[in-house]
Protein chains: 2
Amino acid sequence: MGRTDSKNYHVPFEATLDVIAGKWKTFILYLLRRQPMRTGELRRAIPDITQKMLTQHVRELEADGVIIRTVYKEAPPRVEYEFCEFGQQLYPELASMCEWGKKYNGGVGAEKIIKKIEKNIYTTPIKTSDMIKPQRKFLV
Amino acid sequence: MGRTDSKNYHVPFEATLDVIAGKWKTFILYLLRRQPMRTGELRRAIPDITQKMLTQHVRELEADGVIIRTVYKEAPPRVEYEFCEFGQQLYPELASMCEWGKKYNGGVGAEKIIKKIEKNIYTTPIKTSDMIKPQRKFLV
DNA sequence: CGGGATCCAGAACGATACTG
DNA sequence: CAGTATCGTTCTGGATCCCG
């Protein structure tokens, strides 16, 4: 994201996704979760990220109120990034997503169910009368 | 996403994001959280979504092992989508993200911290000696 | 009714060169 | 060291038309 727009969301967690989605944002947030880091540290820690993308993503996270950027008036210039208080409230969400991500593991965790889909669903349509649809819930 | 690639993730929750990110995926998952729905129901429930995008997103979620697609051999054709067991394990993650999303609320929740950034950080660089850097943690 | 195929616009991302 | 500017590429999403 990056503020300026102010979108309308239809779903509660749409906003959350909008803030943390981006090719390198996950990595950046992950690295900053324990301690502040300066620009160069982040760049070296993230393989293949370019200076441009690092700056861009880190600025968007700042604009969204997740991290804080501190400029030290020194020579050579020094800039540090760290989670701010509002951003730290994301920790439970991130931790929670870690759990599922590990199960999924690039599709490995989903293999079983995918196989099941291929074998059963497409070849053997289920009769309506056979279907059980338990009510589910997970919250607002 | 949509399987076929098998990416390498550097961060545990990168995979989770990859699966649920997409312009309409949040909405689709949100609608399916309580009961199965057929294609037309989803399309009518999601304003402005096109047939193409609905099919595409729903198929990717299926390929990622999150939802199941059931085809009923009837006339006219009837197709239903619902969370599968593996996908249901995402519920806590989604619920968790709802919480932060509500606080954020399109930037409103972040307003305070943004104001603080604009006022303090840019104009008054903090002396290194003044900075307190508590160790943080949120999990692997 | 549900969905495939095409073509296209715009956003996201990347390579490179340059600045205080 | 950190960041800006420009340009090119790639990828996502959308319009439109057609099919069983």
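Residues numbered from 1 in each chain as written. Chains lettered and ligands numbered in written order. Predicted model: local features only at pLDDT ≥ 70, side-chain atom pairs only at ≥ 80, totals over all residues. Heavy atoms only, no water.

An unreviewed UniProt entry annotates chain A as Transcriptional regulator of Shimazuella alba.

## Concerning the side chain of A:Thr16
To keep things clear, this is the line we draw: Strands here are runs of E lasting at least two residues and helices are runs of H or I lasting at least four, both read from the DSSP assignment and numbered beginning at the N terminus. Only protein chains enter the accessibility calculation, which uses a 1.4 Å probe; a residue whose area is less than 20% of its type maximum is buried, one above 50% is exposed, and one in between is partly exposed. Residue contacts are defined here by distance: any two heavy atoms, one from each residue, within 4.5 Å place the two residues in contact.
Within the secondary structure layout, A:Thr16 lies in helix α1 (residues 12-20). Judged by relative accessible area, which is 0%, A:Thr16 ranks as buried. Sequence-distant contacts of A:Thr16, defined by excluding residues within four places in its chain, comprise A:Leu90, B:Met97, B:Trp100 and B:Gly101.

## So, the protein's contact with DNA strand D
Put simply, the test is: It suffices for a single heavy atom of a residue to lie within 4 Å of a molecule or strand for the residue to be listed as near it. Contacts described as polar in this section are N or O atom pairs within 3.5 Å, which, within protein, must combine one atom able to donate a hydrogen with one able to accept it, while residues neighboring in sequence count only if both atoms come from side chains. Residues are grouped as follows: nonpolar covers Ala, Val, Leu, Ile, Met, Phe, Trp, Tyr, Cys and Pro; charged covers Asp, Glu, Lys and Arg; every other residue, Gly included, is treated as polar.
Around DNA strand D, the structure places 20 residues, and the nearest of them are A:Gly40, A:Arg69, A:Tyr81, B:Lys23 and B:Lys52. Among the atoms of DNA strand D lying within 4 Å of the protein, the sugar-phosphate backbone contributes 72%. Within the side chain of A:Thr39, one N or O atom sits 3.3 Å away from a phosphate oxygen of DNA strand D. Looking at the surface near DNA strand D, the elements that each hand over two or more residues are α3 (39-45), α4 (51-63) and β3 (78-83) of chain A together with α4 (51-63) of chain B. No other element matches the four residues that α4(A) contributes to the surface near DNA strand D. Per-class residue counts for the surface near DNA strand D are seven nonpolar, seven polar and six charged.

## Section: helix α1 (residues 12-20) of chain B
Taken across its nine residues, α1(B) has nine buried, putting it largely inside the fold. The complete set of buried residues in α1(B) reads B:Pro12, B:Phe13, B:Glu14, B:Ala15, B:Thr16, B:Leu17, B:Asp18, B:Val19 and B:Ile20. Against α1, α2 (25-32) and α6 (91-104) of chain A together with α2 (25-32), α4 and α6 (91-104) of chain B lie the buried residues of α1(B). Just beyond α1(B), the residue with positive phi is B:Gly22, at close to 155 degrees.

## Some details on the protein's contact with DNA strand C
Around DNA strand C sit 20 residues, and of these A:Lys23, A:Lys52, B:Gly40, B:Arg69 and B:Tyr81 come closest. Protein-adjacent atoms of DNA strand C, using a 4 Å cutoff, are sugar or phosphate at a proportion of 68%. A distance of 3.2 Å separates a phosphate oxygen of DNA strand C from a polar atom in the side chain of B:Arg59. Note that a phosphate oxygen of DNA strand C is positioned 3.0 Å from one of the side-chain N or O atoms of B:Tyr81. Only α4 of chain A together with α3 (39-45), α4 and β3 (78-83) of chain B provide two or more residues apiece to the surface near DNA strand C.

## Concerning the pairing of strand β2 (residues 67-72) of chain B
Residue and element names in this part refer to chain B. Applied cut-off: Strands qualify as paired when DSSP identifies two bridges or more between them.
Judged by how many residues are buried, β2 sits mostly within the fold: five of six residues are covered. Note: β2 against β3, six bridges, orientation antiparallel. Bridging from a neighbouring strand, threonine 70 pairs with glutamate 80 of β3. Adjacent in sequence and paired antiparallel, β2 and β3 are bridged by five residues.

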